[in-house]
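# Notes for the structure review
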There are 2 protein chains.
Amino acid sequence: MNRPQPVERMVEIIKKLPGVGPKMAERLSYHILKMSQGEVDRLLDSIQKARQTMKSCSVCYNLSEYDPCTLCSDSIRDHSTICIVETPQDLIAVSKVKEYKGLYFVLGGALSPLDAVGPDDIRIDKLIKRLKSDSITEVIIATDTDSKGEITAVYLAEIIKKLGVKVTRLGYGLPVGGDIEYADEVTISRAIAGRKEM
Amino acid sequence: MNRPQPVERMVEIIKKLPGVGPKMAERLSYHILKMSQGEVDRLLDSIQKARQTMKSCSVCYNLSEYDPCTLCSDSIRDHSTICIVETPQDLIAVSKVKEYKGLYFVLGGALSPLDAVGPDDIRIDKLIKRLKSDSITEVIIATDTDSKGEITAVYLAEIIKKLGVKVTRLGYGLPVGGDIEYADEVTISRAIAGRKEM
């Protein structure tokens, strides 16, 4: 016997979500079938409400209930510096750092030649347009430190420098609170290169 | 900055699903926000349709579009033997074994003294009622082989034997296609006890 068709359909659709394998999709589906109607209503409602209320800020492309978002419309922040991140989640992580008072720009991904993600697939044109129109003096690149993020950072730095804007990249080194035993070679090598006199 | 409230609510609700941690819930939520309206509609519709159409079979408690389910209403199957499983997913796994022609009974869980799951929390009373009313001559216990499944099997065997019904448990041993190197001690010990002359 196979799974009944309505369950099979639900499993197939849930399986397409990121990080959800076939076993996990099955587990989630059967769990959803066992949930109370109230619980299912809350789940579906939270998805629908979030989809309805969240929009992309037309300045920085952060997800927000407002456009421009609360960061872009905050006159106290430093509007001459922007930090480039790949995703809205990355923006939230950086925004927890109180010392940073500038604005942001969400690329919506990273360049990835292997996955055929080129400059036209992320918001590079919109970034250039913003750099040209707003009076921005420094761009901090905070793309991921994996190969895609690195390629993107190098590509962006090249373009942005041509516009006469200062470009920096987040510093490399050991993560704070980490055990050196578990740090990889490349990170340690970068930490040595970036060592500071005590 | 924290996550906007509608996203936060979605993350909190998704986080409660089994096997979904905080990071996974965030990833799923932001993915859902990026999905096309058509994709979201298909996801929500598949959940609602499955919830509406799937019911518990009143004989074996399998999830089915029909009541009694197609297995219980199949007159060709052997109605004198039932296989006890914990969940509808387990039933599907056993039903792939073509040699087994009997019926099923879905307990809806396993006894777990540590989690305060007792005989009244799973369908033991319904099982006894069925064993008393239907003319069943053999019960095969196919609960999981973890400690909860084991406790449940021992408990059930005791009760069922008193009803004068033959009780068996699925055999232990090495899983087919497995590497002995990765088999645990207890499994190997069971496989030795159950060794067959060649």
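Sequence order sets the numbering: in each chain, residues are counted from 1 along the sequence as written. The order in which chains are written sets their letters, starting at A; the order in which ligands are written sets their numbers, starting at 1. Only residues with pLDDT of at least 70 are given local features in this predicted model, and only at 80 or more are side-chain atom pairs given and counted; all residues enter the totals for whole chains, interfaces and linings. Side-chain measures were taken over the full set of non-hydrogen atoms in the model, leaving aside hydrogen atoms and water.

The next thing to look at is the domain arrangement of chain A. The start and end points of each domain follow an automatic or database-based domain assignment. Taken domain by domain, chain A consists of domain 1 (5-53) and domain 2 (63-197). Taken over C-alpha atoms, the centre of domain 1 of chain A sits 33 Å from the centre of domain 2 of chain A.

Here we take up the relation of the copies chain A and chain B. When the copies are superposed, the least-squares fit draws on C-alpha atoms of residues that have pLDDT of at least 70 in both. Each copy of the sequence occupies a distinct position, and chain A is placed on chain B by a rotation of 180° and an axial shift of 0.0 Å, giving an RMSD of 0.1 Å. The superposition of one copy onto the other is thereby described by a two-fold rotation axis. In terms of C-alpha distance to the rotation axis, chain A has Leu44 of chain A as its closest residue, with the C-alpha 3.4 Å off the axis. Contact between two residues is taken to exist if any of their heavy atoms lie within 4.5 Å; hydrogens are not considered. Interface overlap between copies: 100% of the residues of chain A at the interface are likewise at the interface in chain B, consistent with a symmetric, same-surface contact.

On to the packing of helix 3 (residues 37-53) of chain A against helix 1 (residues 5-15) of chain B. In this analysis an axis means a line fitted to C-alpha atoms, helices contributing only their contacting stretch, and an angle means the value between N-to-C directions, from 0 to 180 degrees. Secondary structure elements follow DSSP: runs of H or I no shorter than four residues count as helices, runs of E no shorter than two count as strands, and numbering proceeds from the N terminus. Between helix 3 of chain A and helix 1 of chain B, the least distance of the axes is 9 Å, while the angle of their chain directions is 155°. Taken together, the axes of helix 3 of chain A and helix 1 of chain B are roughly antiparallel relative to one another. The element helix 3 of chain A and its partner helix 1 of chain B pack so that their crossing is left-handed. For the pair helix 3 of chain A and helix 1 of chain B, contact is made by Arg42, Leu43, Asp45, Ser46, Ile47, Lys49, Ala50 and Thr53 of chain A and by Pro6, Arg9, Met10, Ile13 and Ile14 of chain B, respectively. Residue type decides the class: Asp, Glu, Lys and Arg count as charged, Ala, Val, Leu, Ile, Met, Phe, Trp, Tyr, Cys and Pro as nonpolar, and the leftover types, Gly among them, as polar. In terms of residue class, the contact of helix 3 of chain A with helix 1 of chain B is made up of seven nonpolar, two polar and four charged. Note on angle classes: values under 35 degrees are labelled roughly parallel, values over 145 roughly antiparallel, values of 65 to 115 roughly perpendicular, and the remainder oblique. The sense of a crossing depends on the near helix, which, turned anticlockwise from the far helix by less than a right angle, makes the crossing left-handed and, turned clockwise, makes it right-handed.

With 50 residues of chain A in contact, the opposing surface of chain B contributes 50 residues. What gets called buried area is simply the loss in accessible area from a 1.4 Å probe that two parts show on being joined, summed for both. For the pair chain A and chain B, the two sides together bury roughly 4600 Å², of which 69% comes from carbon and sulfur. Among the residues chain A hides against chain B, the three largest losses belong to Met1, Pro18 and Arg51 of chain A. Together they make up 17% of the total. Criterion for a salt bridge: a side-chain nitrogen of Lys or Arg within 4 Å of a carboxyl oxygen of Asp or Glu. Where chain A packs against chain B, one counts two salt bridges. A salt bridge links Asp45 of chain A to Arg9 of chain B; its shortest N-O distance comes to 3.0 Å. Here a polar contact means two N or O atoms within 3.5 Å. Within protein one must be a hydrogen donor candidate and the other an acceptor candidate, and residues neighboring in sequence count only if both atoms are side-chain atoms. Our count for the contact surface shared by chain A and chain B stands at 12 residue pairs in polar contact (both at pLDDT 80 or more). Those elements that place two or more of their residues in the side of chain A that touches chain B are helix 1 (5-15), helix 2 (22-34), helix 3 and helix 4 (88-95) of chain A. Sort the elements by how many residues they give to the side of chain A that touches chain B and helix 3 of chain A lands first, with 13 residues.

What follows is about the pairing of strand 3 (residues 78-85) of chain B. Residue and element names in this part refer to chain B. Sheet topology places strand 3 next to strand 4 (residues 102-106); five bridges connect them, and they run parallel. Each residue of the ladder has a partner; that of Ile84, found in strand 4, is Phe105. Viewed along the sheet, the connection from strand 3 through helix 4 (residues 88-95) into strand 4 turns out right-handed. A strand pair is defined by DSSP finding two or more bridges across the two strands. As defined by bridge partners, strand 3 adjoins strand 5 (residues 138-141) across four bridges and the pair is classed as parallel. Within strand 5, the residue paired with Cys83 across the bridge is Ile140. With its strands directed away from the observer, a crossover is right-handed exactly when the path from the first strand over the helix to the second travels clockwise.

Let us now look at the nonpolar core. The biggest cluster of nonpolar side chains holds 44 residues, and the ones touching the most others in it are Ile14, Val20 and Leu33 of chain A together with Ile14, Val20 and Leu33 of chain B. For this core, the elements supplying multiple residues, two or more each, are helix 1, helix 2 and helix 3 of chain A together with helix 1, helix 2 (22-34) and helix 3 (37-53) of chain B. Among residues more than four places away in sequence, those in contact with Val20 of chain B are Met24 and Leu28 of chain A together with Ile14, Lys15, Ala25 and Leu28 of chain B. Put simply, a nonpolar core is a bunch of buried Ala, Val, Leu, Ile, Met, Phe, Trp, Tyr and Cys residues held in one set by side-chain atoms that sit within 4.5 Å of each other. Remark: exposure states derive from per-residue accessible area (1.4 Å probe, protein chains only) relative to the maximum for the residue type, with buried under 20%, exposed over 50%, and partly exposed in between.

All names here are of chain A. With an omega of -5°, the peptide bond between Asp67 and Pro68 qualifies as cis. Here Pro68 shows up in the loop between strand 2 (63-64) and strand 3 (78-85). The phi dihedral of Ala116 is positive, around 60°, even though this residue is not glycine. Along the chain, the position of Ala116 falls in the loop between strand 4 (102-106) and helix 5 (124-133).

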